[in-house]
Amino acid sequence: MTPGAERGAGAPAPRSADVARLAGVSRKTVSRVLNNEPYVSDEARRRVLAAAEELGYRLNHAARALASGRTRSIGVVALGTTGYGTASLLVHIERAVRDAGYALRVVNTPDGDPEGIAGALQSLLEQGVDGVVVSEPIVEGSISVRLDVPVLFLGAPPAFTSTRTVTVGVGAHALAQAATEHLLDLGHTTVHHLAGPRRWYATKDRIQGWQTALAARGAHEPPLLNGDWSAASGYAAGRELASDRSVTAVFAAGDEMAIGLIHALREAGRRVPEDISVVGFDGNPVFAYVSPPLTTVRQPFEAAAGEGIRLLVHAIEQPDTAPPPAGDLPVELVVRGSTAPPPPRPGRPTP
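Each value, and the rule that gives it
- Residues numbered from 1 in each chain as written.
- Predicted model: local features only at pLDDT ≥ 70, side-chain atom pairs only at ≥ 80, totals over all residues.
- Heavy atoms only, no water.
- Helix = DSSP H or I, 4+ residues; strand = E, 2+ residues; numbered from the N terminus.
- Buried < 20%, exposed > 50% of the residue type's maximum accessible area, 1.4 Å probe, protein only.
- Contact = heavy atoms within 4.5 Å.
- Areas by Shrake-Rupley, 256 points an atom, 1.4 Å probe, with all protein chains shown as cover.
- Expected span 1.5 Å × (residues − 1).
- Pairing = 2+ DSSP bridges.
- Axes fitted to C-alpha atoms, helices over the stretch in contact; angles between N-to-C directions.
- Salt bridge = Lys/Arg side-chain N within 4 Å of Asp/Glu carboxyl O.
- Parallel < 35°, antiparallel > 145°, perpendicular 65-115°, else oblique.

A word on the overall build of the protein chain. Along its length, the protein chain carries eleven helices and 13 strands. For the protein chain, with 351 residues in total, the buried portion stands at 48%. Nonlocal contacts in the protein chain, meaning residues at least 24 apart in sequence, comprise 69% of its contacts between residues at least 6 apart. Approximately 16,900 Å² of the protein chain is accessible, and the part contributed by carbon and sulfur atoms is 52%.

As structure tokens, this is what we get:
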């Protein structure tokens, strides 16, 4: 029998008082549990959720919005793309928002258009959102917008003012540094870098992580190559690098670019990883099944979204209190078959 099915067709809908009575707690405790507030014991939370499910009780979001002056909704400004990284982050934002007891409203933007971003923000404000998440990775020019709700910036610095601003990175600098260090640890004397589009903040973060790792080891910094995140741009870069016999290691700023790069290298007769090692970035699980399986660094999309939404909800619900300390995001290197020690130099015996 489904929850609440024992009620007759004309029976009144269950109320919070009914949930409180069945769970043996106060109505205030029911409110705290269903609004995902702190200061409730695990046992009380379990009883309230079980009672709500048994009775088929659902929160009346409209009534709650009228009483609190909030809509219990969070808006997201996101780049209009289906790329793995952007799409994965949006999926985890949606889950974190829902787990926090809020509804999600998404507005996609054109490629880095300040006016488009301003219009997206205005649309969300007109819908009465309580907070905004900006996961748009490209912001060029000035955005003359001031928001009267808290704003979470994910992976990019604040681009406009708000009553309260929260910034959570996705750890791109540390991940890029780990990718580069992995290649240096294998014995490569330097690492070439295939970067993303110059306008992206993510590109800048990854370049800085690569540079940090090279500088720490005293390694030469080769000239940058830039792609556009696509496999085709990686293929073009691979054709350029294949003719340079001094290249033994490449860190690509995106997994798809890494795959295109490898394809071009192998077409040119350069073996991966025997001649050239390649590391990607993102952690797309599909690329565990290519040949060779791609070594990559996995972006902590779930952790970044969860941490960011936690801080944003705190800013919404407790605007007069200091934000809780931010948690550390994991750095995960996934070593597979596309990386190996460099080939022996001519005239030097193989160890």
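Next, the rest of the story.
A word on helix 7 (residues 172-185). Taking 1.5 Å as the rise per residue, helix 7 with 14 residues should run 20 Å; its terminal C-alpha atoms sit 20 Å apart, in good agreement. Taken together, the buried positions of helix 7 are occupied by Ala172, Leu175, Ala176, Ala178, Ala179, Thr180, His182, Leu183 and Leu184. Against the buried residues of helix 7 lie helix 8 (201-217), strand 10 (249-252), strand 11 (277-282), strand 12 (295-298) and strand 13 (332-334). Looking at the residues trailing helix 7, positive phi occurs at Gly187, about 110°.

Let us now look at helix 8. For helix 8, spanning 17 residues, the distance from its first C-alpha to its last is 25 Å, which sits close to the expected 24 Å at 1.5 Å a residue. Along helix 8, the positions that sit buried rather than exposed are Tyr201, Ala202, Thr203, Arg206, Ile207, Gly209, Trp210, Ala213 and Leu214. Buried residues in helix 8 make contact with helix 7, strand 8 (192-195), strand 9 (225-226), strand 10 and strand 11. Positive backbone phi, at 70°, marks Gly218, one or two positions downstream of helix 8.

Before going further, it helps to spend a moment on the sheet that holds strand 5 (residues 151-154). The parallel open sheet is built from five strands, whose spatial order is 2-1-3-5-7. A single partner strand is all that each edge strand has here, and the edge strands are strand 2 (103-109) and strand 7 (165-168). When the angles between neighbouring strand axes are averaged without regard to direction, this sheet yields 20°. Relative to strand 7, strand 5 runs parallel, the two sharing four bridges. Its bridge partner being in strand 7, Leu154 is matched across the sheet by Val168.

Tallying each qualifying case throughout the model produces ten salt bridges. Between Arg47 and Glu43 there is a salt bridge, and its shortest N-O distance comes to 3.7 Å. Taken together, the positions of Arg47 and Glu43, both in helix 3 (residues 42-55) and four residues apart, correspond to about one turn of that helix. The exposure class assigned to Glu43 is partly exposed, which follows from its relative accessible area of 39%. Notably, a salt bridge pairs Arg271 with Asp275, separated by 3.0 Å at the nearest N-O pair. You can call Arg271 partly exposed: its relative accessible area is 47%. Each of the salt bridges in this network shares a partner with another, and the network as a whole consists of Arg15, Asp18 and Arg21.

What follows is about the side chain of Ser16. Its location among the elements puts Ser16 in helix 1 (residues 16-23). Excluding residues within four positions of it along the chain, Ser16 makes contact with Arg27, Val30 and Tyr57.

Turning to unusual backbone geometry, a few remarks are in order. Here the amide bond leading from Val272 into Pro273 is cis, since omega sits at 15°, within 30 degrees of zero. If you trace the backbone, Pro273 turns up in the loop between helix 10 (255-267) and strand 11. Note that the residue after Ser291, namely Pro292, is joined by a cis bond; omega there is -5°. Tracing the chain through its elements places Pro292 in the loop between strand 11 and strand 12. At Trp229, a position not held by glycine, the phi torsion is positive, near 80°. When you line up the elements, Trp229 lands in the loop between strand 9 and helix 9 (231-242).

Attention shifts here to the packing of helix 2 (residues 27-34) against helix 3. Taken N-terminus to C-terminus, the directions of helix 2 and helix 3 make an angle of 85°; their axes are 10 Å apart at the nearest point. Relative to helix 3, the element helix 2 is oriented roughly perpendicular. Within the contact between the two elements, helix 2 uses Thr29, Val30, Val33 and Leu34 and helix 3 uses Ala44, Arg45, Val48 and Leu49.

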